[in-house]
Amino acid sequence: MTTTRLVPIDRDRPNPGLLDEAGACLRDGGLVAFATETVYGLGADATRKTAIQRIYDAKGRPPTNPLIVHVCDLAMARRFAAAWPADAERLAQAFWPGPVTLVVPRAPAIPDAVTAGLPTVGLRVPAPAVARGLIEAAGVPVAAPSANRSEHVSPTTARHVLDDLDGRVDILLDSGPADLGIESAVVDVAGDTPRLLRPGPLRLEQLEEALGRPIGRGMPAVGEGPQSSPGQHARHYAPHTPCLRVESFEALEGLALTGRDIVLSCGRRDAMDLVGEHVVLDRPDEAARRLYATLRELDAGGYARIVLVMPPDVAGWEAIRDRLRRASVKA
Ligand code: TXA
Ligand code: MG
């Protein structure tokens, strides 16, 4: 255990001295948690095996689940890729800095510990000034999974990070809530056809438009080992309170809800007035921004069950549906 230093930092004009200190901590093999535009990440020097091991230990993460490597620009990304496919270039040009992770062949400087032995590495350039300034100050690529205990709900505020990892992180840079609220899209561009391994804040059509062709939508099967991807562990992003999901308002009636249950509906407000205690998140972007904080609040509320009413299975809601499925079991 260590003492976690909580460091408030301006999200738009971060103090360079603070970034230098945090960067030095990373170079020394330390752990620094910081906000990206998606969620808070738990960062370590991606080129140092011992630092990487600290990430897995702090999270209690299975070593078969590879880490995303954060870089400060396209030039740095190319240094840590053994090849830079045309699809990677298209997506990077269109969306970086931003919430898209590109899986490409990895360069030898990235150790096995980061990629769980895979011949590929997931790279991304985060948007916030704090995140990019930190990587620049460190001068090394920064491996950073979401800064939560493994399988728990991802953190969108510094408070969430402390709740999960206090005493397991050296420095926590607090620049306020993350803008988007759910993790980046992960796109495998290492093979002949691009594959979406995890839906993210951008719509699938936006990715396909930038690529100029369709993306394979088949997500990898559950439990294939390190070959498969994000939250391939079916249970992921989950609260501790038992969490059930239904596809419609009508299906709630079969559940015999009591005053000890709480209903969270995404995208469906109609008829919710007839339900007891409930929370509604209306639009995909609002739902993304508030989803994890809401799940953490409901989890702390002492309810017997959290019942999720799934959003419609239509474009725009894919990423929320994905996260809700992983947080719950079918009622
Ligand atoms: O938005 C995000 O992506 C956040 C912020 C901190 O950047 N990070 C994040 O990391 O969500 P994490 O570790 O919780 O999820 C990364 C996912 C993993 O589930 C992993 O399976 C996938 O990315 N991944 C990483 N490297 C991969 C690779 N070489 N091949 C396939 N999937 C990979
Ligand atoms: Mg995660």
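Note that the coordinates shown come from a computational prediction; the quantities given were computed from them, not determined experimentally.

Brief notes about the state of the cysteines
In step 1: Going through the model one piece at a time under the given rule, you end up with zero disulfides.
In step 2: The thiol of C25 is not disulfide-bonded; the next cysteine sulfur, from C72, is found 18 Å away.
In step 3: Using a relative accessible area of 15% as the deciding quantity, one classes C25 as buried.

Quick word on unusual backbone geometry
In step 1: Cis geometry marks the peptide bond from W96 to P97, where omega comes out at -10°.
In step 2: Of note, E151 is a non-glycine position whose phi angle comes to about 75°, a positive value.
In step 3: Tracing the chain through its elements places E151 in the loop between β7 (142-143) and α7 (158-165).
In step 4: Among the residues examined, E151 registers a relative accessible area of 35% and is labelled partly exposed.
In step 5: One non-glycine residue, A256, lies in the positive phi region at around 50°.
In step 6: Looking at where A256 falls in the secondary structure, it is placed in the loop between α9 (249-252) and β12 (261-266).

Observations regarding the sheet that holds strand β2 (residues 32-35)
In step 1: Ordered by their spatial adjacency, 10 strands build an open sheet running β1-β8-β2-β3-β7-β4-β6-β5-β9-β10, and the pairing between neighbours is mixed. Where the open sheet ends on each side, the last strands, each with one partner, are β1 (5-8) and β10 (195-198).
In step 2: Here four bridges tie β1 to strand β8 (residues 171-174), and the two strands are oriented parallel to one another. Each bridged residue has a counterpart across the sheet, and for L6 the counterpart in β8 is L172.
In step 3: In the packing of helix α6 (residues 129-138) onto the sheet, the strands contacted are β2, β4 (68-70), β7 and β8, and the crossing angle to β2 comes to about 145°.

Structural notes on α6
Because each turn of an α-helix spans 3.6 residues, side chains separated by three or four positions end up pointing in the same direction.
In step 1: Buried residues dominate α6, accounting for seven of its 10 residues.
In step 2: Those residues of α6 that sit buried are V130, A131, G133, L134, I135, A137 and A138.
In step 3: Elements in contact with the buried residues of α6: α1 (16-27), β2, β4, α3 (74-79), β7 and β8.
In step 4: In the segment just after α6, G139 is the residue with positive phi, at about 75°.

Focus: the packing of aromatic side chains
In step 1: Taken as a whole, this structure holds one aromatic pair when the rule is applied.
In step 2: A centroid spacing of 6.0 Å and a plane angle of 45° characterise the contact between W84 and W96, whose relative ring orientation is tilted. Of this pair, W84 sits in the loop between α3 and α4 (86-95) while W96 sits in the loop between α4 and β5 (100-105), and the two are 12 residues apart along the sequence.

Here we look at the side chain of H152
In step 1: Inspection of the secondary structure assignment puts H152 in the loop between β7 and α7.
In step 2: Apart from the residues lying within four places of it in its own chain, the contact partners of H152 are D164, Y237, A238, P239, H240, R296 and D299.

Some details on the packing of helix α10 (residues 284-300) against helix α11 (residues 318-327)
In step 1: At their nearest, the axes of α10 and α11 sit 9 Å apart, and the two run at 30° to each other. Comparing the axis directions of α10 and α11 gives the class roughly parallel. With respect to the hand of their crossing, α10 and α11 are arranged in left-handed fashion. Residue-level inspection shows P284, A287, A288, L291 and Y292 of α10 in contact with α11, the latter providing I320, R323 and L324.
In step 2: In terms of residue class, the contact of α10 with α11 is made up of seven nonpolar, no polar and one charged.

Observations concerning the side chain of K59
In step 1: Residue position: K59 is located in helix α2 (residues 49-59).
In step 2: The buried charged residue K59 lacks any salt bridge, with D164 as its nearest oppositely charged partner at 7.4 Å.
In step 3: A distance of 3.1 Å separates a polar atom in the side chain of K59 from the backbone oxygen of N148.

Examining the pattern of salt bridges
In step 1: Under the criterion given, the structure shown has 21 salt bridges.
In step 2: Measuring nitrogen to oxygen at the nearest pair gives 3.2 Å for the salt bridge that ties E37 to R124. Here E37, found in the loop between β2 and β3 (40-45), pairs with R124, found in strand β6 (residues 120-124); they are 87 residues apart in sequence, far enough to count as distant. For the pair shown, E37 and R124 are each scored as buried.

Here we look at α7
In step 1: The element α7 is extensively covered by neighbouring structure, given that six of its eight residues are classed as buried.
In step 2: Considered for burial, the residues of α7 that qualify are A158, H160, V161, L162, D164 and L165.
In step 3: Where the residues of α7 are buried, they touch β1, β2, β3, α2, β8 and α10.
In step 4: Taken from the residues just after α7, G167 is the one with a positive phi, measuring 85°.

Thresholds applied
- Residues numbered from 1 in each chain as written.
- Chains lettered and ligands numbered in written order.
- Predicted model: local features only at pLDDT ≥ 70, side-chain atom pairs only at ≥ 80, totals over all residues.
- Heavy atoms only, no water.
- Disulfide = S-S within 2.5 Å.
- Buried < 20%, exposed > 50% of the residue type's maximum accessible area, 1.4 Å probe, protein only.
- Helix = DSSP H or I, 4+ residues; strand = E, 2+ residues; numbered from the N terminus.
- Pairing = 2+ DSSP bridges.
- Contact = heavy atoms within 4.5 Å.
- Axes fitted to C-alpha atoms, helices over the stretch in contact; angles between N-to-C directions.
- Phe/Tyr/Trp six-rings, centres within 6.5 Å; stacked < 30°, edge-to-face > 60°.
- Parallel < 35°, antiparallel > 145°, perpendicular 65-115°, else oblique.
- Left-handed = near helix turned anticlockwise from the far one by under 90°.
- Nonpolar A, V, L, I, M, F, W, Y, C, P; charged D, E, K, R; others polar.
- Lys, Arg positive; Asp, Glu negative; His and termini not counted.
- Salt bridge = Lys/Arg side-chain N within 4 Å of Asp/Glu carboxyl O.
- Polar contact = N/O pair within 3.5 Å; in protein donor to acceptor, adjacent residues only side chain to side chain.

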